[in-house]
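Read off the chains here:
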Amino acid sequence: MRIRLCLAALSLAGGAGLATLSAPPASAAACSDVELVSARGTFEPGTLGFIVGDPVLSALQKKAAGKNLTSYKVNYPADLSPTSAAQGNLDLVNHVKSQAAACPNQKFVLVGYSQGANVVDNSIGISSAGAVVGSPIVATLPAAVEPKVAAVLLFGNPIRALGKSVTGTYQSRTLDLCAQGDPVCENGGGDVGAHLSYRDDADAAATFAAARL
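Please read these numbers as outputs of a predicted model, since none were measured by experiment.

So, how was this worked out
Residues numbered from 1 in each chain as written. Predicted model: local features only at pLDDT ≥ 70, side-chain atom pairs only at ≥ 80, totals over all residues. Heavy atoms only, no water. Salt bridge = Lys/Arg side-chain N within 4 Å of Asp/Glu carboxyl O. Helix = DSSP H or I, 4+ residues; strand = E, 2+ residues; numbered from the N terminus. Buried < 20%, exposed > 50% of the residue type's maximum accessible area, 1.4 Å probe, protein only. Pairing = 2+ DSSP bridges. Axes fitted to C-alpha atoms, helices over the stretch in contact; angles between N-to-C directions.

### Comments concerning the pattern of salt bridges
If the charged atoms of two oppositely charged side chains come close together, the side chains can form a pair. For the coordinates displayed, the defined rule picks out three salt bridges. Note that Arg173 is salt-bridged to Glu146, the shortest N-O span being 2.4 Å. Highlighted residues: Arg173 in the loop between β4 (149-155) and β5 (174-177) and Glu146 in the loop between α4 (115-123) and β4, separated in sequence by 27 residues. In this structure, Asp176 and Arg160 form a salt bridge, with 3.8 Å as the shortest nitrogen-oxygen distance. With Asp176 in strand β5 and Arg160 in the loop between β4 and β5, the pair connects residues that are 16 residues apart, well separated along the chain. Note on Arg160: relative accessible area 32%, which makes it partly exposed.

Shown next as structure tokens:
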């Protein structure tokens, strides 16, 4: 019930999910020094995500002064349909692969909040199957792209409620934040407001990412 309240609090307008898993053809944007790739939370408003993506981008622009910074909003429903996170997983991987091929010197900062953290987890090879609004892995970033990922920033990551976390290749580059009492990422958590509090962590997350660029 608490998790449903969290998701409902993010929802300004619901929407039906796609019946089948699909993603539009990936296309590369203009090259930059760094691209922030953001997967928003369930029903989260905002350009990249009002609670996490937008404030993290703003903070990173200040922390990484002197670098040309662009952004990409992962194209997926971010709703409660069973294939939502999988669609985000596929779009993120396709986009980053395309962008990396077109811009060999570009670095990436991957950002995921709530369901968006599931999207990022899957994309770096950590399955979110069994987590709230999770899915099995449908695509992973290839080994050739891995060194281009400077930082992974996760907020309210649902796999943490299962006792899981990012391990392996990306572990040292990952900041995985779970606010105390957040029922989406803390097993037994009961503070719905905690799941909506991650704007407060934007500056610290940007500092973490900037140090790795």
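### Examining the sheet that holds β4
The parallel open sheet is built from five strands, whose spatial order is β2-β1-β3-β4-β5. Two strands lie at the open edges of the sheet, namely β2 (69-73) and β5, each paired on one side alone. Geometrically, the sheet is characterised by an average inter-axis angle of 15° between neighbouring strands, direction not taken into account. Bridge count for strand β3 (residues 107-113) against β4 is six bridges, and the pairing is parallel. Among the inter-strand pairings, Phe108 is bridged to a residue of β4, identified as Val149.

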